[in-house]
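Single-letter residue listing:
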Amino acid sequence: MAPDDRIPVVVSTGQCLERTEPVSALALAERAAGLCLDSAPGLRDRIDRVSVVNIMSGAGEAPGAALARRLKLEPARTEVSAIGGNSPQWLVNRAAAAISAGEAQGVLVVGAEAQRSVKLGHGAPVGEPDGAAAVAEVAPDPVVGDDRAGVGGAEMAAGMLAPVHVYAMFESVIARRAGRTHEEHRGALGRLMAPFSAVAATHPAAWFPQARSAAELATVSADNRLVAEPYPKRMCAFLHVDQAAAVLVTSLAAARAAGVGDDAVFCWSGADAAEVWFPSARPDPGSAPGLRAAARAALDAAGTGVDDVGAFDVYSCFPCVVEMAVEALGIAADDARGLTVTGGLPYFGGPGNDYSLHAIATMVERLRRDGGTGLVSAIGWYATKHSVGVYGARPPAAGWRAGDTGDAQRAIDATAVPVAASAEGRAVVVASTVVADRDGSVRAAPVIARLDDGRHIAAAAVDGERPALAGRNLVGERIAVSGAPPRYRLDP
């Protein structure tokens, strides 16, 4: 096979959602994969790997093997990813590298979530014609990707576990840097995210196909309650969806042999990087040098620049991630090209770790229709793991290339700030949020703070302090920290 024929391409995609009937994630995955395979039936026998994105709503330990059996495929390998919203793009980068190296002919990447069905009381085996017992008989799929936990002991002791709480803390840094109160910053975030909802309104697989105004997104109300300052509900990823997506990555030669070469969208490049792993150890929780490194490496490997990209889909679980991406990419928040092709996780839907597979599928469909190039960025854990892919409607000038982030990663890792498990003394708040209960009262107020000796510490507010913290951004304020686990009160 000539090297040019090993150029990796996405030849078909599938997306689906279920709003009414109870369904399992595996059944949804079968639907999306079926749509994908129906568009390229001549490639079924060329699929030698089935990669499944980690499923939060339950599909046993061998979802790849179970899905392959349902689809009547006989791949040499099935696998499931580690936890992380970066996984879809990481799996596509991995598939493209394998195909370019001649190590694989075709890789089917599939992801699905059935959180709506689970929330309604339907267990994971709903809709399983072969039953949960049959799934259990299969040997577990190997787990691929970085499977380190997203937080450490410091974050757990301070109650920093829910993504919305940690991302809201990142947002506090950005708000303080902009010189805005939480209320003022909410208005700016409404203006940032309203165009995302407008895109979701036009997407056939979106969970909320409704355009919202900036005021509707930013105004705290009975149906848009405050979750964690400064985020109300409509700025948060929406997980309770039943959605699935699939893409088929193969070689250009295989696509041509199967008669679908004209539908191919080319994988130009990909790159991956990470932030300082634990949020409390990051020197600046309001920026993403790991994303900057991955984006630059991917664009450099593709031989193109950000000004030449025709379409973007930046990860958007919470607004701060969009702001970080804009800064990392060096583009404007109101860039005329837009920042999403799907509508983002709060409006299109946030199917667990699988959102970016929808972004990739939609980007492929757009490039197939309109031509040009597109960039997809994906994030795992707490803006921790980054994966970027560049796609094009025409072949890449130098074939598929993986971006090198080795030097940048070592430089990022070297910036980690030591984190104290306990301390007695004063500190300056680096990042903060106020978590609201459903009745609007303050439930928690975690902070990351810098001690006078330069170490960081993650701490929760003492019980009596919480009511006075409502609506406040504590970044830059001095606190008194004590105890183990650490607790703080405002420095008198």
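All values derive from a computational prediction rather than experimental measurement.

Colleague: So what exactly am I meant to see when it comes to the pairing of strand E20 (residues 487-490) here?
Modeller: Residues in a regular strand project their side chains so that they alternate between the two faces of the sheet. Where burial is concerned, the two faces of E20 differ: the one with Tyr-488 and Leu-490 is buried and the one with Arg-487 and Arg-489 is not. Relative to E20, strand E18 (residues 456-461) runs parallel, the two being bridged by two bridges. Within the sheet, the bridge partner assigned to Ala-461 lies in E20 and is Tyr-488. As judged from the four bridges shared by strand E19 (residues 478-482) and E20, these two strands associate in the antiparallel manner. By the bridge assignment for E20, Ala-480 is matched with Arg-489. What sits between the antiparallel neighbours E19 and E20 is a turn of four residues, in which Gly-483 has the positive phi angle 85°.

Colleague: Which parts of the structure should I look at to understand the pattern of salt bridges?
Modeller: Note that side chains of opposite charge can pair when their charged atoms are close. Summed over the entire model, instances satisfying the criterion amount to 21 salt bridges. With its nearest N and O atoms 3.6 Å apart, the salt bridge here joins Arg-256 to Asp-5. Highlighted residues: Arg-256 in helix H10 (residues 252-257) and Asp-5 in the segment before strand E1 (8-17), separated in sequence by 251 residues. Classification of Asp-5 by relative accessible area gives partly exposed; the value is 22%. Among the salt bridges present, the one from Asp-437 reaches Arg-443, with a minimum N-O distance of 3.6 Å. Residue Asp-437 is classed as partly exposed on the basis of its relative accessible area, which comes to 31%.

Colleague: Quick question: what am I supposed to make of the pairing of strand E9 (residues 265-274) here?
Modeller: Along E9, nine of the ten residues are buried, which leaves the element largely enclosed by surrounding structure. By the bridge criterion, two bridges tie E1 to E9 in an arrangement that is antiparallel. Paired with Val-10 across the two strands is Val-265, which belongs to E9. One ladder, built from two bridges, connects E9 with strand E13 (residues 401-402); its direction is parallel.

Cut-offs applied
Residues numbered from 1 in each chain as written. Predicted model: local features only at pLDDT ≥ 70, side-chain atom pairs only at ≥ 80, totals over all residues. Heavy atoms only, no water. Buried < 20%, exposed > 50% of the residue type's maximum accessible area, 1.4 Å probe, protein only. Helix = DSSP H or I, 4+ residues; strand = E, 2+ residues; numbered from the N terminus. Pairing = 2+ DSSP bridges. Salt bridge = Lys/Arg side-chain N within 4 Å of Asp/Glu carboxyl O.

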